[in-house]
There are 2 protein chains.
Amino acid sequence: MVCKILLCFLAVGLIYYSRYSSVVVAAFGFSIFGYIVTDYLIPRVGPSFIKIGLFGKDLSKVGKPVLPECIGAVSATVYLFIMFFYIPFIFYRYLVTVTSGGGQRDVTVDQWQQQQQHTQYSVFPHSRLSEYLSSTLCLESTILLGIADDLFDIRWRHKFFLPAVAAIPLLVVYYIDFGVTSVLVPGFVKDLISKTALFLHNKGLPVDISLRDITSIDLKGFYYIYMASMAIFCPNSINILAGINGLEVGQSIVLGFLALINDTLYMTLGSELTKNSHRFSIVLIIPFLGVSLALFKWNKWPAKVFVGDTYCYFAGMVFAVVGIQGHFAKTMLLLFIPQIINFMYSVPQLFNMVFCPRHRLPKFNETDGLLYPSRANLKENPPKSFFVPILKLLGICHLIDLEIDEKTGQLLSCSNMTIINLMLVWFGPMREDKLCNLILACQFMIGVAAIILRHFIGSIIFQHDNLWTIK
Amino acid sequence: MVCKILLCFLAVGLIYYSRYSSVVVAAFGFSIFGYIVTDYLIPRVGPSFIKIGLFGKDLSKVGKPVLPECIGAVSATVYLFIMFFYIPFIFYRYLVTVTSGGGQRDVTVDQWQQQQQHTQYSVFPHSRLSEYLSSTLCLESTILLGIADDLFDIRWRHKFFLPAVAAIPLLVVYYIDFGVTSVLVPGFVKDLISKTALFLHNKGLPVDISLRDITSIDLKGFYYIYMASMAIFCPNSINILAGINGLEVGQSIVLGFLALINDTLYMTLGSELTKNSHRFSIVLIIPFLGVSLALFKWNKWPAKVFVGDTYCYFAGMVFAVVGIQGHFAKTMLLLFIPQIINFMYSVPQLFNMVFCPRHRLPKFNETDGLLYPSRANLKENPPKSFFVPILKLLGICHLIDLEIDEKTGQLLSCSNMTIINLMLVWFGPMREDKLCNLILACQFMIGVAAIILRHFIGSIIFQHDNLWTIK
């Protein structure tokens, strides 16, 4: 209790002090508030959730206790209100400079010009406010659709596309507000195009010679499809890598820290141009970590609550929004490598090349309290014939645990194709919390490696990286 | 079916044509879409709502049928998505003029000045986009909290303040973006202040002589309290005048039409300055009418669905947002006169001066199918003694139906204090749909009278009205 009051004072102090320093300081203050409020609310609202039918059984525990479901909605709602209260602090310095009230519309061009000379921040950056508001709208829509999903149990093929619907405000505002749909062309592709264009032109073919100097390609409409795909991918990939206590929140927290590491690199080493994007990313992610850590406290092994699809969608969308608005969606995707691997690994079962049981969670053994890999019965449901050699190859590479009838050579069963089961295949049966920590540790290490490689390889492919330039 | 397809074509035509005319035309197009989509969804999602426990019994019908509750959430969600898709159409003309993509940040002051001379709409109005986005955020938060209320049945004293919480994004953006907190001082108050100031100054008292020329008062923080009160009042007042089929949606539709009449007056007779505010109002209200009419079709007598608190909050907030953003909150309040009367009339029961039964709905008589005024038992629960003479006075004025023991003079019972019951007291028992229509007709007539009086009296009190000026 005393500790919490002290934390509250610290938070107020940080938020107040942020006036004289940076929004990042306020982010830490709001993050602390987010943690305290979420931590306070979760045990108090749990029973109400159970009362209205939002509950689930924890299958990996003795006695299968009933836990409240969809508690991630609490974290998400607290986060939203933090985002609202945060607005004046983000734009505080603009309010100070323009004394006549930020958005005063009667400022003439002359005045504006004078102010412009006075300081670079003299006119209120409405475009950045729109950016911020549309991000918040997108997150709020995600939460709304997530709750609808948790309530109505929407079918898999429908809910897969829900995040794209929630991303509409983001894309629409991006369209009217920013509208940059060009992407850089990698150095070797640039050489290739320019040489081909020159060659064809010299042969007398009608080729646009300006292609020779191409540095970026305008993707136009495809850029929006690309952004929508990002909005579909991030939430769903977190939703798929789930099923053991603490994993959904845990991976989101690890992803958040990885994104922060990348942002910190840019804020310390990067150019002025990129700093704005990464400051925005920090502003969104630090409070996200606050509410997520409180949820993790209640969702980690042995779980007291379940997070629900709402949280998975919300968390994924935070990263999608940060990547899209900050124009580093590709770097963001690198942090999702474990999720991508998990998805690719699941494809044979998701698309029914191999039999997919209704649940692919690890099997809980009540006698030793450990989790064992769950298996798909291939005897009764044989895989597609073309996939049999691939399955056997995977078995030889130790990428699945394959059970084969020694006499007939018939496939009897295989471990279900999720990273969670694969870990159990590789490292043997273990307790739920150990398994979760192991996966989170892998996620973290792969992410750090990805960040290092991204800046190293990025410099080579594009001839320059926005962090370092190769001369 | 054919009719619906034709309507769809009409909607597409209107939205497309709006490029060459006004956003108001697009509003009609989106409104038609809103109607069709809501009308399509309601019967299809109803069973899912019942399945998860969102249902209620219609007490004023034979057999008390079970109907899905909270269906207003469908209208509200459709409205939200309309608001998202609407954005490019509202800002279309700005996108056309500035060819290099609306929010391009690299436009220099010189370029801006040149464009400024070229056309007055050359620079994208980001402040208006922020205004629009914060309104949408506020509405979305209202829906979210409304759904929470419908799900968890939040206590009356808590839920009364929920709309103020949802209005936070609106107020915050108003603060950093617009920040005008002054209100005009009525002519007679102005005279009074200036004369008093002059008088005291002449007496040698230390009075600021500039008070003599006061025309407006800066309410500062109080203006935000005033706006928050507006956000609390509108949703709750609609929520209180409820309980018979179609009344919640019906009154919202009538309010919408009244607001449109007022807007049309300004758009045709008003000055350029006020037109922007009222265009914004039209843009929000026409699609609102579309989704509400579809809901009314299903909620009107005999109701197939209930609207739930979500809709009441959402509808009230639409009017609050329009009033606040358009700076005509006072005019908007005039349209709510019936709701205000209903609230004032309810005060004795709400604050327990007179016994308040759990439900104050009219009583349904199964034999003749009519509604009768419900009554509060005053014999077992006598009113506060100071209130007895007031009750008797109300009884004499026919403002309640009072039952008095002729021998002892003791109060036995009175009709419950809601406008709905009062109508039944005045005009006798009637069928539910007649009662609803009667109340709606009253609302409409009072509203029209209020608009006429507002512009007539407004001209006298403030010496000028923004519609007509008295020379």
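Residues numbered from 1 in each chain as written. Chains lettered and ligands numbered in written order. Predicted model: local features only at pLDDT ≥ 70, side-chain atom pairs only at ≥ 80, totals over all residues. Heavy atoms only, no water.

*Asks:* Break down the overall build of chain A for me, citing the residues and quoting the values.
*Replies:* Scanning chain A for helices and strands turns up 19 helices and 9 strands. Dimensions of chain A, computed from the C-alpha atoms along their principal axes, are close to 90 × 80 × 40 Å. Out of the 471 residues belonging to chain A, those deemed buried represent 52%. For chain A, long-range pairs separated by at least 24 residues make up 73% of all intrachain contacts whose partners lie at least 6 apart in sequence. With the model as given, the accessible surface of chain A reaches about 21900 Å², and the carbon-plus-sulfur share is 66%. Looking at chain A, you have 36 positive and 29 negative side-chain charges, and the mean spots of the two groups are 2 Å apart. (Helix = DSSP H or I, 4+ residues; strand = E, 2+ residues; numbered from the N terminus. Buried < 20%, exposed > 50% of the residue type's maximum accessible area, 1.4 Å probe, protein only. Contact = heavy atoms within 4.5 Å. Areas by Shrake-Rupley, 256 points an atom, 1.4 Å probe, with all protein chains shown as cover. Lys, Arg positive; Asp, Glu negative; His and termini not counted. Charge placed at Lys NZ, Arg CZ, Asp CG, Glu CD.)

*Asks:* Can you tell me about the state of the cysteines, naming the residues and giving the values?
*Replies:* In a disulfide, the sulfur atoms of two cysteines are covalently bonded to one another. Residue and element names in this part refer to chain A. Tallying each qualifying case throughout the model produces 0 disulfides over all chains. Between Cys436, a cysteine without a disulfide, and Cys442, which holds the nearest cysteine sulfur, the sulfur-to-sulfur distance is 11 Å. With relative accessibility at 3%, the residue Cys436 sits in the buried group. (Disulfide = S-S within 2.5 Å.)

*Asks:* Mind laying out the sheet that holds strand β8 (residues 402–404) of chain B, listing which residues take part and the relevant values?
*Replies:* All names here are of chain B. Read from one edge to the other, the open sheet built from 3 strands follows the order β7-β9-β8, with strand pairing classed as antiparallel. On the outer flanks of this sheet lie β7 (375–377) and β8, each paired with one strand and no other. For this sheet the average axis-to-axis angle between neighbouring strands, irrespective of direction, equals 20°. Relative to strand β9 (residues 411–415), β8 is paired through 3 bridges, and the arrangement is antiparallel. Counted as the bridge partner of Glu403 is Ser413 from β9. (Pairing = 2+ DSSP bridges. Axes fitted to C-alpha atoms, helices over the stretch in contact; angles between N-to-C directions.)

*Asks:* Give a description of the domain arrangement of chain A that names residues and reports values.
*Replies:* Residues and elements named next belong to chain A. Domain annotation for chain A reports domain 1 (2–90 + 125–181 + 219–335 + 434–462) and domain 2 (349–430). Inter-centroid distance (C-alpha atoms) of domain 1 to domain 2 is 32 Å. Approximately 1200 Å² of surface area, both sides summed, lies buried where domain 1 meets domain 2, with 85% of it carried by carbon and sulfur atoms. Contact with domain 2 buries surface across domain 1, with Ser60, Leu435 and Leu438 losing the most and accounting together for 36% of the total. At the junction of domain 1 and domain 2, the tally comes to 0 salt bridges. On inspection of domain 1 and its partner domain 2, the count reaches 0 residue pairs in polar contact (both at pLDDT 80 or more). Looking at the side of domain 1 that touches domain 2, the element that brings in the most residues is helix α19 (residues 432–461), giving 5 residues. Classifying every residue of the side of domain 1 that touches domain 2 by side-chain character gives 10 nonpolar, 3 polar and 2 charged. (Domains from an automatic or database assignment. Buried area = accessible area lost by both parts, 1.4 Å probe. Salt bridge = Lys/Arg side-chain N within 4 Å of Asp/Glu carboxyl O. Polar contact = N/O pair within 3.5 Å; in protein donor to acceptor, adjacent residues only side chain to side chain. Nonpolar A, V, L, I, M, F, W, Y, C, P; charged D, E, K, R; others polar.)

*Asks:* Which residues make up a nonpolar patch on the surface, and what values go with them?
*Replies:* All names here are of chain A. A surface patch of nonpolar side chains, about 370 Å² in accessible area, is lined by Phe257, Ile261, Phe444 and Met445. Residue assignment for the nonpolar patch shows that the elements contributing at least two residues are α12 (247–269) and α19. Structurally, Met445 can be placed in helix α19. (Patch = residues over 30% accessible without salt bridge, like charges linked within 9 Å, V, L, I, M, F, W, Y side chains within 5 Å.)

*Asks:* Give a detailed account of the sheet that holds strand β7 (residues 375–377) of chain A, specifying residues and quantitative values.
*Replies:* Residues and elements named next belong to chain A. Read across the sheet, 3 strands follow the order β7-β9-β8 without closing on themselves; strand pairing throughout is antiparallel. Each edge of the open sheet is held by one strand with a lone partner, namely β7 and β8 (402–404). Put simply, the sheet's adjacent strands are angled 20° from each other on average, direction ignored.

*Asks:* Which residues make up the packing of aromatic side chains, and what are the values?
*Replies:* One pass over the full model with this rule turns up 39 aromatic pairs over all chains. A ring pair is formed by Phe49(A) and Phe152(B), whose centres lie 5.0 Å apart and whose planes are at 45°; its orientation type is tilted. Within this pair, whereas Phe49(A) is found in helix α2 (residues 23–51), its partner Phe152(B) is found in helix α6 (residues 126–152), the two belonging to separate chains. Taking relative accessible area as the criterion, Phe49(A) reaches 7% and is therefore assigned buried. (Phe/Tyr/Trp six-rings, centres within 6.5 Å; stacked < 30°, edge-to-face > 60°.)

*Asks:* So, the packing of α6(B) against helix α14 (residues 308–325) of chain B: which residues are in play, and what are the values?
*Replies:* Residue and element names in this part refer to chain B. Remark: α6 packs on α14, axes separated minimally by 8 Å, with the N-to-C direction vectors making an angle of 155°. In terms of orientation, α6 and α14 fall into the roughly antiparallel class. At the point where α6 passes α14, the crossing takes the right-handed sense. Between α6 and α14, the contacting residues are Glu131, Ser134, Ser135, Cys138, Leu139, Thr142, Ile143, Gly146, Ile147, Asp149 and Asp150 on the first element and Gly308, Asp309, Thr310, Tyr313, Phe314, Met317, Val318, Val321 and Gln325 on the second. (Parallel < 35°, antiparallel > 145°, perpendicular 65-115°, else oblique. Left-handed = near helix turned anticlockwise from the far one by under 90°.)

*Asks:* How would you explain the pairing of β9(B) if you had to name every residue and give the values?
*Replies:* Residue and element names in this part refer to chain B. Judged by how many residues are buried, β9 sits mostly within the fold: 5 of 5 residues are covered. Bridge analysis of β7 against β9 gives 3 bridges, and the strand direction is antiparallel. For Arg375, the partnering residue across the bridge sits in β9 and is Ser415.

*Asks:* Can you tell me about helix α14 (residues 308–325) of chain A, naming the residues and giving the values?
*Replies:* Under the 1.5 Å per step criterion, the end-to-end length of α14(A) is 26 Å for 18 residues, consistent within 8% with the ideal 26 Å. Looking one or two places after α14(A), you find His327(A), whose phi comes out positive at around 60°. (Expected span 1.5 Å × (residues − 1).)

*Asks:* Outline the pattern of salt bridges, supporting the account with residue identities and numerical values.
*Replies:* Residue and element names in this part refer to chain A. Under the counting rule described, the total for this entry stands at 16 salt bridges over all chains. Between Asp433 and Arg431 there is a salt bridge, with its nearest N and O atoms 2.6 Å apart. Here the residues in one salt-bridge network are Lys4, Asp39 and Lys297, joined through shared partners.

*Asks:* Account for the environment of Leu247(A), naming residues and giving values.
*Replies:* Within the secondary structure, Leu247(A) is located in helix α12. With sequence-adjacent residues up to four places away left out, Leu247(A) is seen in contact with Leu241(A), Ala242(A), Asn299(A), Ile420(A), Cys436(A), Ile439(A) and Leu440(A).

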